[in-house]
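Secondary and tertiary structure notes
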Amino acid sequence: MTPAARLQAAADILDQLSGTRATVEAVLKQWGQVNRYAGSKDRRAIADRVYRCLRAKQRLLWAMELTEKSPAQGRALVLASLSLIDAMPIEDIESFFCGEGYGPKPLTAHERERLAVGEGEAPAWVTTGLPEFVVSRFEQQFGKAWSAEATALMMPRAPIDLRVNSAKANRADMMAALEAEGLSPEATPFSKYGVRLRAEPPPNLVKLDIYQSGQVEIQDEGSQLAAFIAGAGLLPGAAKVVDFCAGGGGKTLALAQMMDGNGEIYACDVVEKRLKAIEPRLIRAGATAHFIHFFDPDDVVQLEVLKGADLVLVDAPCSGSGTWRRHPEDAHRLDEAKIEGLHTLQTQILDRAAQCVKVGGRLVYVTCSVLDDENVQTADAFEAMHPNYDALPIHTLLENSTLYIDHAARLNKLAKTGHRLSLTPHTTQTDGFFIAAYTRTQ
Ligand SMILES: C[S@@+](CC[C@H](N)C(=O)[O-])C[C@H]1O[C@@H](n2cnc3c(N)ncnc32)[C@H](O)[C@@H]1O
């Protein structure tokens with residue numbers, strides 16, 4: 001493909017994305033399957049342009065005098081990205097936008113004028129790339145650090161973290177195997193099982209032997225920490241552990257690793273397809289779990305089998321705002337009504353999950369959100385409704401989890417000796433996570 005044809009393809013994919021709820025990865029993959037003539041270099045260049053545009057979407061739309069609601073934004077986003085992000089002179093842009101072959105049509109007078117003006121004095125939600133309604137929340141939550149938090153969340157291409165499966169391998173060997181593949185692995189600072197790889201060039205991990213044989217799993221360090229801090233490995237031998245919102249099983253696998261073949265794990269979800277996807281991952285990792293599909297999320301009968309649990313982990317459905325550096329498209333699909341709906345759902349799920357914990361057992365609430373509505377406010381609501389649960393200070397879980405965490409003191413400081421811990425791309429260089437821990441007293 002010519003460079004111009006790649007730009008046109010990126011614009012088409014961006015248009016396609018705005019009319020779907022599919023992830024960028026899924027849309028890019030589908031595009032590659034339909035357009036077989038595109039080679040791997042073409043696909044990579046197109047994906048890179050799409051991500052550049054999505055990460056700076058607000059800025060680019062602003063510069064082109066468009067809004068989130070404007071139809072067919074793809075072309076404008078690509079144009080503005082060349083000018084504002086790549087700092088490409090207008091003559092060079094025009095050499096691509098000349099209407100030849102499969103390239104984009106020539107610039108209109110308005111487009112030329114917008115590119116000449118640039119972004120001018122843009123408001124904070126434009127420069128940070130956060131959805132407009134999130135800016136005031138960030139200002140309130142993070143004070144002076146809000147724009148650094150926003151920039152870390154929205155701008156960089158996030159590194160890729162792996163979790164080494166200690167049942168099958170150790171970190172040093174895995175790092176050596178990755179180096180032998182020409183990659184540059186680094187040990188993650190918090191998780192003793194974490195390995196970090198640069199996002200560029202994107203490594204094709206699923207093809208590697210160490211992945212296919214279950215020696216490593218792809219999992220952000222923040223997600224590893226959330227599972228490790230839940231402390232499944234510290235429970236008595238025959239512990240009963242419930243992963244109440246197991247989804248694709250990222251945390252189920254980390255829980256299984258900590259339990260090292262002892263006790264039982266129940267992986268639950270309302271979506272059966274997601275639970276089914278866990279099975280091959282567990283087999284690869286050499287672990288097992290029971291699967292509970294909540295065919296009716298309000299049915300209490302299904303909870304009977306889960307009752308008496310030593311640990312219930314609630315990795316609740318959330319906005320996923322903590323992962324916007326990986327899924328910038330999700331930021332533009334969120335609104336205040338959705339956040340409110342999620343807060344209500346989280347409170348209901350916690351209420352159900354709390355019924356499954358035995359007296360003396362532990363409940364751990366986790367989101368991959370950075371918004372207080374889903375974190376602090378949901379935890380507040382749970383605590384107000386459940387006087388039979390005591391807050392469990394995070395430091396007790398960190399002390400117990402020394403096997404897994406090197407830099408526990410830093411996390412302890414972040415938790416301010418309380419029972420709630422927030423991780424963010426800015427403070428911990430992980431995806432954004434919220435963790436709150438409780439013990440059932442009666
Ligand atoms: C954040 S995801 C879980 C991610 C997963 N734990 C992991 O680490 O890969 C939240 C999951 O909650 C599930 N869910 C939604 N409503 C639920 C409910 N009422 N009860 C249980 N799970 C629910 C969703 O289907 C989704 O898979």
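Residues numbered from 1 in each chain as written. Predicted model: local features only at pLDDT ≥ 70, side-chain atom pairs only at ≥ 80, totals over all residues. Heavy atoms only, no water.

Observations regarding the packing of helix H13 (residues 221-229) against helix H14 (residues 250-259)
Two quantities define a packed helix pair, namely the angle between the axes and the distance from one axis to the other. Orientation of H13 relative to H14, taken along the N-to-C sense of each, is 50 degrees, at an axis distance of 9 Å. Classified by the angle their axes make, H13 and H14 are oblique. As H13 packs across H14, the resulting crossing turns out to be right-handed. Each of Ser 223, Ala 226, Ala 227 and Phe 228 in H13 lies in contact with H14, whose residues at this interface are Lys 251, Ala 254, Leu 255 and Met 258. Residues belonging to the contact of H13 with H14 are distributed by class as follows: 6 nonpolar, 1 polar and 1 charged. (Axes fitted to C-alpha atoms, helices over the stretch in contact; angles between N-to-C directions. Helix = DSSP H or I, 4+ residues; strand = E, 2+ residues; numbered from the N terminus. Parallel < 35°, antiparallel > 145°, perpendicular 65-115°, else oblique. Left-handed = near helix turned anticlockwise from the far one by under 90°. Contact = heavy atoms within 4.5 Å. Nonpolar A, V, L, I, M, F, W, Y, C, P; charged D, E, K, R; others polar.)

Re the UniProt feature "active site" (unreviewed entry) in the chain
UniProt feature "active site" (unreviewed entry): in the numbering of this structure it lies at Cys 368. With respect to the helices, strands and loops of the structure, Cys 368 is situated in the loop between strand E9 (357-367) and helix H18 (376-385). (UniProt positions renumbered as here; feature names shortened; annotations may be inferred.)

Points about the sheet that holds strand E3 (residues 194-197)
Pairing is antiparallel across the open sheet formed by 4 strands, whose spatial order is E2-E3-E1-E4. Looking along the sheet, the strands with just one partner apiece sit at the ends: strand E2 (186-187) and strand E4 (216-218). Relative to E3, strand E1 (residues 160-164) runs antiparallel, the two being bridged by 4 bridges. Its bridge partner lying in E3, Asp 161 is registered against Arg 196. (Pairing = 2+ DSSP bridges.)

Some points on the packing of helix H1 (residues 3-18) against helix H3 (residues 40-55)
One way to put it is that H1 packs onto H3 with a least axis distance of 9 Å and a crossing angle of 50 degrees. Considering their axes alone, H1 and H3 lie oblique with respect to each other. Where H1 crosses over H3, the two elements pack in a sense that is right-handed. Together, Arg 6, Leu 7, Ala 9, Ala 10, Ile 13, Leu 14 and Leu 17 of H1 and Lys 41, Asp 42, Ala 45, Ile 46, Arg 49, Val 50, Cys 53 and Leu 54 of H3 make up the contact between the two elements. Its residues placed into classes, the contact of H1 with H3 shows 11 nonpolar, no polar and 4 charged.

A closer look at the pairing of strand E7 (residues 290-293)
Relative to E7, strand E6 (residues 264-269) is paired through 4 bridges, and the arrangement is parallel. Looking across to E7, one finds that Ala 267 is bridged to Phe 291. On the question of chirality, the crossover connecting E6 to the parallel E7 by way of helix H15 (residues 272-285) is right-handed. (Right-handed = clockwise from strand over helix to strand, strands pointing away.)

Here's the deal with H14
The buried fraction of H14 amounts to 9 of the 10 residues, a majority that puts the element mostly inside the structure. Buried within H14 we find Lys 251, Thr 252, Leu 253, Ala 254, Leu 255, Ala 256, Gln 257, Met 258 and Met 259. Looking one or two places after H14, you find Asp 260, whose phi comes out positive at around 50 degrees. (Buried < 20%, exposed > 50% of the residue type's maximum accessible area, 1.4 Å probe, protein only.)

Examining the UniProt feature "binding site: S-adenosyl-L-methionine" (unreviewed entry) in the chain
Here, the residues flagged by UniProt with the feature "binding site: S-adenosyl-L-methionine" (unreviewed entry) are Asp 269, Asp 298 and Asp 315. Here Asp 269 lies in strand E6. With a relative accessible area of 7%, Asp 269 lands in the buried category. In terms of polar contacts, Asp 269 uses its side chain to reach the backbone amide nitrogen of Gly 247, at 2.7 Å. Tracing the sequence through the fold places Asp 315 in strand E8 (residues 309-315). If we skip the residues at most four places from it in the chain, Asp 315 touches Cys 245, Lys 251 and Val 366. (Polar contact = N/O pair within 3.5 Å; in protein donor to acceptor, adjacent residues only side chain to side chain.)

Focus: the nonpolar core
Within the largest apolar cluster, 50 residues are counted, with the highest numbers of intra-cluster contacts made by Leu 178, Ile 229, Leu 311, Val 364, Leu 411, Leu 421 and Ile 435. Three or more residues apiece are contributed to this core by two domains, here domain 3 (160-218) and domain 4 (221-440). Membership of the second largest hydrophobic core comes to 33 residues, among which are Ala 9, Leu 60, Val 78 and Ala 80. (Core = buried A, V, L, I, M, F, W, Y, C linked by side-chain atoms within 4.5 Å. Domains from an automatic or database assignment.)

Quick notes on the site of the ligand
As a matter of local geometry, the ligand sits amid 17 residues, with Cys 245, Lys 251, Asp 269, Arg 274 and Asp 315 nearest to it. Protein chains shield 84% of the accessible area of the ligand, which is 600 Å² for the free molecule. Classifying every residue of the shell around the ligand by side-chain character gives 10 nonpolar, 3 polar and 4 charged. (Near = heavy atom within 4 Å. Areas by Shrake-Rupley, 256 points an atom, 1.4 Å probe, with all protein chains shown as cover.)

Comments concerning the environment of Gln 8
Residue position: Gln 8 is located in helix H1. Relative accessible area serves as the criterion here: at 22%, Gln 8 is assigned to the partly exposed category. Taking the C-alpha atoms as reference points, Gln 8 and Pro 203, 195 residues apart in sequence, are found 26 Å from one another. The contact partners of Gln 8, leaving out residues within four places of it in the chain, are Tyr 102, Gly 103 and Pro 104.

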